[in-house]
Amino acid sequence: MPQVTEIAPDVYRISVFFPEINLQFNHFLIKDDEPMLFHTGLRRMFPQVREGVSKVLDPGMLRWISWSHFESDECGALHDWMAVAPHAQPACGMVGALVNVNDFYGKECRALTPKDVLVTGKYRFRYYNTPQLPHGWDAGVLFEETQRTLFSSDLFHHDGDVEPLISGSVLDRVRHSLATYQAGPLANYVPYTHNTKLILDGLASLNPLTVATMHGSSFSGNCSKELLDLAIVMKDVLDKPSYQFGF
Ligand SMILES: [Fe+2]
Ligand SMILES: [Fe+2]
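What counts as what
- Residues numbered from 1 in each chain as written.
- Chains lettered and ligands numbered in written order.
- Predicted model: local features only at pLDDT ≥ 70, side-chain atom pairs only at ≥ 80, totals over all residues.
- Heavy atoms only, no water.
- Salt bridge = Lys/Arg side-chain N within 4 Å of Asp/Glu carboxyl O.
- Helix = DSSP H or I, 4+ residues; strand = E, 2+ residues; numbered from the N terminus.
- Buried < 20%, exposed > 50% of the residue type's maximum accessible area, 1.4 Å probe, protein only.
- Donors = N, O, S within 2.8 Å, 3.2 Å for Na, K, Ca; no water.
- Tetrahedral: all angles 85-135°; square planar, octahedral: opposite > 155°, others 65-115°.
- Pairing = 2+ DSSP bridges.
- Contact = heavy atoms within 4.5 Å.
- Axes fitted to C-alpha atoms, helices over the stretch in contact; angles between N-to-C directions.
- Disulfide = S-S within 2.5 Å.

(A) Seen up close, the pattern of salt bridges. For the structure on display, the rule yields eight salt bridges. Residue lysine 122 pairs with aspartate 10 through a salt bridge whose shortest N-O separation is 3.4 Å. In this pair, lysine 122 is assigned in the loop between β8 (118-119) and β9 (124-129) and aspartate 10 in the loop between β1 (3-8) and β2 (11-18), connecting sequence segments 112 residues apart. One salt bridge in this structure joins arginine 173 and glutamate 163, with 2.9 Å as the shortest N-O distance. In this pair, arginine 173 sits in helix α5 (residues 171-182) while glutamate 163 sits in the loop between β11 (149-153) and β12 (165-166), placing the two residues 10 residues apart along the sequence. Judged by its relative accessible area of 34%, glutamate 163 falls in the partly exposed class. Connected through salt bridges with shared partners, the residues Arg124, Arg126 and Glu145 form a single ionic network.

Here's what the structure looks like:
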């Protein structure tokens, strides 16, 4: 049973918790003249996410389906969504469209760059490229400019069946989850690169009011500081050799 919570006006967080891995998968529905779903979810999760969307609007009304990077939890159920929402259009970053999605989807999708704005009615979305952050050449985040909501994908990932929205910091939880992943078989989930701090500084300059997190609690409050401090946490945990050949 998905948990549906309005975390900002017209922004609905549809959360599915997998106890086996102690992890939430959060999908964001933005209700507007042209409704958008950010993150399709995994194919196996599609019935639950569709049920969550149905609590807010008819899934057939969706007009935009978007995500950060090409990965199963981000866009694996794209074909399932297109089957129930035939008037929807996929929208992702230009690299993702050219390298993966146009072929995977079988048609050209809307390729987003920071230079153009996707207007869905009263809301305005801009896609910022964030290569290799959280991971993947094609990675990016979506920013809704009128309410200043940042859809951050795997940035700020933390484990547990946590609150839909908090007003404080999530960074202690983020540090713990990054360190736990780094010590186990899923190490190097997020790389630390020369661009990590530059990208996080840029996202902080957007001065978001809410960060909509794919895994864990969304949060509101001093989001710029949280983004600047995430760079410190990531450097602490990730900026060191971790690769062992043959393991
Ligand atoms: Fe990811
Ligand atoms: Fe994810």
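Once you've had a look at it, read on.
(B) Region of interest: the coordination of the iron ion (ligand 1). Looking at the metal site, the iron ion (ligand 1) is ligated by His69 (NE2), Glu71 (OE), His135 (NE2) and Asp154 (OD), spaced 1.8 to 2.2 Å from it. Of note is the iron ion (ligand 1), whose four donor atoms meet at the metal with angles of 88 to 160° in an arrangement that counts as irregular. Donor residues for the iron ion (ligand 1), ordered by position in the chain, follow H-x1-E-x63-H-x18-D. Here the iron ion (ligand 1) and the iron ion (ligand 2) are spaced 3.8 Å apart, linked through aspartate 154, which binds each one. Here the residue glutamate 71 occupies a position in the loop between β5 (64-66) and α2 (72-75), and aspartate 154 occupies one in the loop between β11 and β12, the gap between them amounting to 83 residues. Judged by relative accessible area, glutamate 71 falls into the partly exposed class, the value being 32%.

(C) Representation of the environment of leucine 29 in the model. Tracing the backbone shows leucine 29 in strand β3 (residues 23-30). Its relative accessible area of 0% is what places leucine 29 among the buried residues. Each C-alpha atom of the pair leucine 29 and aspartate 10 lies 7.9 Å from the other, and the pair is 19 residues apart in sequence.

(D) Spatial organisation of the sheet that holds strand β13 (residues 210-213). Here we have seven strands laid out as an open sheet, ordered β8-β9-β10-β11-β13-β14-β12, and mixed in their pairing. Of all the strands in the sheet, the pair left with one neighbour each is β8 and β12. Across three bridges, strand β10 (residues 140-144) lies against β11 in antiparallel orientation. Bridged to phenylalanine 143 within β11 is leucine 150. Taken strand by strand, helix α7 (residues 223-238) contacts β11, β13 and β14 (218-220), and its axis lies near 125° from that of β14.

(E) Structural view of the state of the cysteines. If you walk through the whole model with that rule in mind, you get zero disulfides. Free cysteine: cysteine 75, not disulfide-bonded; nearest cysteine sulfur from cysteine 92 at 7.6 Å. Judged by its relative accessible area of 2%, cysteine 75 falls in the buried class.

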